[in-house]
Amino acid sequence: MEMMNLELSLKWLDISSMPRGTVFDLKKDLHERIYDPFHQVFAQLATIGLVTPEGRKVLDDLVCSLEGDESEYLFKKKLQKLDLYHDAREFVISNHLQPGVVRNELKMDNDPITGILMPIKFQLRKYLESAGVLKTILDHLSPSKDGYVRTVVDGTVWQARTDPAKTVIPLNLFFDDFTTTDTVSPHAASTSICGIYYYIPCLPSYVLSKLVNILIAGYVLTEDRKLFSNDVLFTSLIDILIELETDGLEISYEGNSIRVYFMLAFITGDNLGLSGILDLVESTRANFYCRMCKRNYEQRQTDLIEYSKSLRTRQNYESDLQLADPSQTGIKNKCVFNKIPSFHLVYNVYFDVMHDLWEGVCLYGLQHCLHYFITIKKYFSLDDLNRRKNLFVFGKLNSSNIPNDIKELNFAKNKLRMTASEVKTFVTFIPLIIGDKIPTNDEVWLYFCNLLKICHILMLRQINASLIHILRNLVSNHHEQYQHLFNDTLKPKHHNLVHYSSFILSSGTPRHQWAMRGEAKHKEAKQYCRSNNNKLNLCKSLGIKVGYKFAYNVVNNVFIPPAIDLSESKRTPHDQSSQYLNKFIKYGSVYAQGTIFVIDYGSMFKLFELERILIDRDENISLIGLKIQYQHFNEHLQSFEVIKTSEAELISNINHVNIRATNLHTLNGKLYYRYCNLNVSIN
């Protein structure tokens, strides 16, 4: 009963839109209106002999187990006793005397400016000791041996820095500012917060996609980050990272105590945030803006390839620091994170595909292409495009990211307004939405198809050497076409793209570390701040809430989802050795009758429509799939033309088959599978 009561409190406190005060008011009401009256009834029943002394003791113990947490102070003490909660540390950023009103009088007051640092060592210990977490990490801590680049451990940067004699776990930091009120609110600027998150980037994608696996390191107000140096803001955080790297952490694993070490792999975020955190110039018009190389402003506007001789190194970084001239070097101050023994700014080979590609290169190209198709060539009208988009069946997997209609005003200004997810969905399916209206071999359409191939490679979760070579050529062709066709100079995000081949080899696939999930993590803090209407000491209030949410996750062991989830499945008899399932979930995707799925074999894949799901006595799942036959690859539509068949095939050992759900789409009575054919065949 005590644990059930604790879990109930944590469940309410885990709800982002539920203020903490409301939860403890509810707890108080439960005690006053339910627990205490029942206790009084038990006492009266015992007095008249209807309850034995032994029964009275049991009932008293039962009620007492529900007491002691009706206030937040008592509840924290209980959580700390159970090793489920540690207080966040409020560190001082500035402690100068300043004018203030004290007891209705104007005086010089000591009102320190503070930030919040979560108990990172405690979080990591509880996280790694949770069911399945450390085992999953250890299973994915070794580099791939099949020639594919997947996560950070496959990158040359990590392999050159890590110590094979120790169990070293990579950590990625994520920095990003977010507003906790409406952007038009008078308090929007003063309540904007810089969130500092961290996660273990070698975890598989189906684990990292769960926001509970992105942990909170701390919060500081955005206004304070603009006023104070990174050295002042992040010294406390850096000290902890140094301790984790040099001293490690004692973890209980499978009944034994082992020591694991943590090393900062990459600092991640958007371009503006990263430049600020790394003490580089933040203006995109700066002469030396790039974080990875020293190409100047004019060179970056026309560069088609990466120039290896211009890359930043530790030697030229130190020389540039001595110059102390940001206009000639792009460096404002020495990066404070260089204090970490294994880390250096030049090792931070990271770019964010969400901002560079979907909110950058794709949006620039899409605006030019639509202007060309609609205004210059008049292949179709803006109304035709919107109507076709609205009638196109995107499929269940894409239904939540369909963009709104493009407005005439935004189109005229060449300013399309879409989120990164909406751009991704729209750009991916444009070939099937309006491709048939565009003549074959139109030079702008060929440019767009080239862009699609770049998008496809950068969104893969595993990339081999041949695709990296193809990517390098595609980017060079794209940049040359962009300048020639649209008479436009390359933007900073175009320049970032020339580094992506090196980035993948150095750091792993872009999709595995993109900012999409980090920005999704902001939602929890935004909901909480808006529900409690707190304008004072937001960071401290958020730190307490985060502590409760973490305790809830630990108690419920939610960090590692099952690879195959049968919790929502219904079973019907088939024969003595097996049963039918109506559905199952693998890596977050639902598979049921009629689901279109792909089995990926690397250089070849097969398409099926799911007909039956069988499960045997040992809980092994087999699928009966109807083959979807390949007709040919339509280069103009960047899609495979396919037809459904009645030929069935049995697919066994689903746990070890690389399977993923997908959609088929119809255009002019024909069935298509939208896929960029990059030396991949369909069987």
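**Side note on the overall build of the protein**
The helix and strand tally for the protein stands at 24 helices and 24 strands. Relative to the 2.2 N^0.38 estimate, which gives 26 Å for 683 residues, the radius of gyration of the protein is 29 Å and therefore close to what a compact globule would have. Dimensions of the protein along its principal axes, counting C-alpha atoms only, are 95 × 80 × 55 Å. The burial tally for the protein puts 52% of its 683 residues in the buried class. Expressed as a percentage of contacts within the protein between residues at least 6 apart in sequence, the contacts between residues at least 24 apart total 67%. Total accessible area computed for the protein in this model is approximately 31700 Å², and 50% of it derives from carbon and sulfur atoms. For the protein, the centre of its 76 positive side-chain charges and the centre of its 74 negative side-chain charges are spaced 3 Å apart.

**A word on the sheet that holds strand β16 (residues 589-592)**
A sheet is described by the order of its strands in space; here three strands give the open sequence β12-β15-β16, paired in antiparallel fashion. Unpaired on one side and paired on the other, β12 (564-565) and β16 mark the two borders of the sheet. Judged from the four bridges that link them, strand β15 (residues 583-586) and β16 form a sheet pairing that is antiparallel. Directly across from K583, in β16, lies its bridge partner A592.

**Quick word on the nonpolar core**
The biggest cluster of nonpolar side chains holds 179 residues, and the ones touching the most others in it are L128, F175, Y219, F337, W358, L385 and F448. With 13 residues, the single largest contributor to this core is helix α15 (residues 353-376). In contact with L128, not counting residues within four places along its chain, are V133, L134, I137, I169, I200, I251, V260 and F262.

**Here we look at the side chain of R295**
On the secondary structure map, R295 appears in the loop between α11 (271-277) and α12 (297-300). Looking at R295, its side chain comes within polar contact range of the side chain of D303, at 2.8 Å. Beyond its immediate chain neighbours, meaning those up to four positions away, R295 contacts N287, F288, R300, D303, Y307, S310 and H495.

**Section: the pairing of strand β17 (residues 596-600)**
The buried fraction of β17 amounts to four of the five residues, a majority that puts the element mostly inside the structure. In this sheet, strand β18 (residues 604-616) lies alongside β17 in antiparallel orientation, the contact comprising five bridges. Within the sheet, the bridge partner assigned to V598 lies in β18 and is L607. The turn linking β17 back onto β18 is made up of three residues, and G602 within it adopts a positive phi angle of 90 degrees. Pairing of β17 with strand β21 (residues 659-662), which is carried by four bridges, proceeds in the antiparallel orientation. For I599, the partnering residue across the bridge sits in β21 and is I659.

**Brief notes about the pattern of salt bridges**
Under the criterion given, the structure shown has 29 salt bridges. When the shortest N-O distance is used, the salt bridge between E90 and K540 registers 4.0 Å. On the criterion of sequence distance, the pair formed by E90 in strand β1 (residues 89-94) and K540 in helix α24 (residues 538-556) is long-range, its members being 450 residues apart. According to the relative accessible area criterion, K540 is partly exposed, its value standing at 38%.

**Details of a nonpolar patch on the surface**
The grouping of M1, M4 and L62 at the surface amounts to a nonpolar patch, some 300 Å² of accessible area in total. In this structure, L62 sits in helix α3 (residues 53-65). The class of L62 is partly exposed, set by a relative accessible area of 33%.

**Regarding the environment of Q159**
For Q159, the location among the structural elements is in helix α7 (residues 156-161). By relative accessible area, which is 39% here, Q159 ends up partly exposed. For the pair formed by Q159 and S507, sequence separation is 348 residues and the distance between their alpha carbons is 9.7 Å. When residues no more than four places from it in sequence are discounted, the contact partners of Q159 are P143, V153 and D154.

**Some details on the state of the cysteines**
All chains considered together, the criterion is met by zero disulfides. Of all cysteine sulfurs, the one in C194 lies closest to C335, which takes part in no disulfide; the gap is 14 Å. With a relative accessible area of 2%, C335 lands in the buried category. C539 forms no disulfide, and the closest cysteine sulfur to it belongs to C529, at a distance of 8.4 Å.

**What to know about the packing of helix α19 (residues 443-458) against helix α20 (residues 465-486)**
Direction vectors running N to C along α19 and α20 enclose 145 degrees, while the axes themselves pass 9 Å from each other. Considering the relative orientation of α19 and α20, their crossing is left-handed. For the pair α19 and α20, contact is made by E443, V444, Y447, N450, L451, K453, I454, I457 and L458 and by L467, I470, L471, L474, V475, N477, H478, Q481, Y482, L485 and F486, respectively. Residue composition of the contact of α19 with α20, grouped by class: 14 nonpolar, four polar and two charged.

**Focus: helix α1 (residues 2-14)**
Here α1 is 13 residues long and its end C-alpha atoms lie 18 Å apart, about the 18 Å a rise of 1.5 Å per residue gives. The complete set of buried residues in α1 reads N5, L6, S9, L10, W12, L13 and D14. At its buried positions, α1 is contacted by α2 (20-47), α3, α4 (72-81) and α24.

**Side note on the packing of aromatic side chains**
Per the counting criterion, the structure on display carries 35 aromatic pairs. Plain terms: the ring middles of F122 and F550 are 6.1 Å apart, the flat faces sit at 65 degrees to each other, and that makes the pair edge-to-face. Taken together, the residues span a long stretch of sequence, with F122 in helix α5 (residues 120-129) and F550 in helix α24 at a distance of 428 residues. In terms of burial, F122 and F550 fall into one category: buried. Ring geometry for F373 and W445: centres 6.0 Å apart, planes at 50 degrees, overall tilted. Residue F373 is found in helix α15, and its partner W445 is found in helix α19; the two are separated by 72 residues along the sequence. With relative accessibility at 2%, the residue F373 sits in the buried group.

Cut-offs used in this document
- Here the residue index of a chain counts from 1 through its sequence in written order.
- It should be noted that, the model being predicted, local features are given only for residues of pLDDT at least 70 and side-chain atom pairs only at 80 or more, the latter also being counted only at that level, while totals for whole chains, interfaces and linings use all residues.
- Hydrogens and waters are ignored; side-chain quantities use all the structure's heavy atoms.
- Helix and strand definitions here come from DSSP, where helices need a minimum of 4 consecutive H or I residues and strands a minimum of 2 consecutive E residues; each element is numbered from the N-terminal end.
- Each radius of gyration reported is based on C-alpha atoms, and the globular scaling rule is 2.2 Å times the count of residues to the power 0.38.
- Relative accessibility under 20% of the residue-type maximum defines a buried residue, over 50% an exposed one, and the middle range a partly exposed one, all with a 1.4 Å probe and only protein chains included.
- Residue contacts follow a heavy-atom distance rule, with two residues in contact if any of their heavy atoms lie within 4.5 Å.
- What sets the accessible areas is the Shrake-Rupley method with a 1.4 Å probe; for residues, cover comes only from the shown protein chains.
- Asp and Glu count as negative and Lys and Arg as positive, but His and the ends of the chain are not part of the count.
- For the purpose of locating charges, the reference atoms are NZ of Lys, CZ of Arg, CG of Asp and CD of Glu.
- A pair of strands counts as paired when DSSP detects no fewer than two bridges linking them.
- Here the nonpolar core consists of buried residues drawn from Ala, Val, Leu, Ile, Met, Phe, Trp, Tyr and Cys, with membership extended through side-chain atoms lying within 4.5 Å.
- By the criterion applied in these results, polar contacts are pairs of N or O atoms within 3.5 Å in which, for protein atoms, one can donate a hydrogen and the other can accept it, and in which residues neighboring in sequence qualify only through two side-chain atoms.
- A pairing counts as a salt bridge when a side-chain nitrogen of Lys or Arg comes within 4 Å of a carboxyl oxygen of Asp or Glu.
- Two joining distances apply to patches: 9 Å for like charges and 5 Å for nonpolar side chains (Val, Leu, Ile, Met, Phe, Trp, Tyr), and every residue must have over 30% relative accessible area and no salt bridge.
- Count a disulfide wherever a pair of cysteine sulfur atoms falls within 2.5 Å.
- Between N-to-C directions, angles cover 0 to 180 degrees, with each direction set by a line fitted to C-alpha atoms, over the stretch in contact for helices.
- A clockwise turn of the near helix away from the far one marks a right-handed crossing, whereas an anticlockwise turn of less than a right angle marks a left-handed crossing.
- For this classification, the nonpolar set comprises Ala, Val, Leu, Ile, Met, Phe, Trp, Tyr, Cys and Pro, the charged set comprises Asp, Glu, Lys and Arg, and every other residue, Gly included, is treated as polar.
- Multiplying 1.5 Å by the residue count of a helix minus one yields the expected span of that helix.
- Each aromatic pair joins two rings of Phe, Tyr and Trp (for Trp, the six-membered one) with centres within 6.5 Å, and gets the label stacked for planes under 30 degrees apart, edge-to-face for over 60, and tilted for any other angle.

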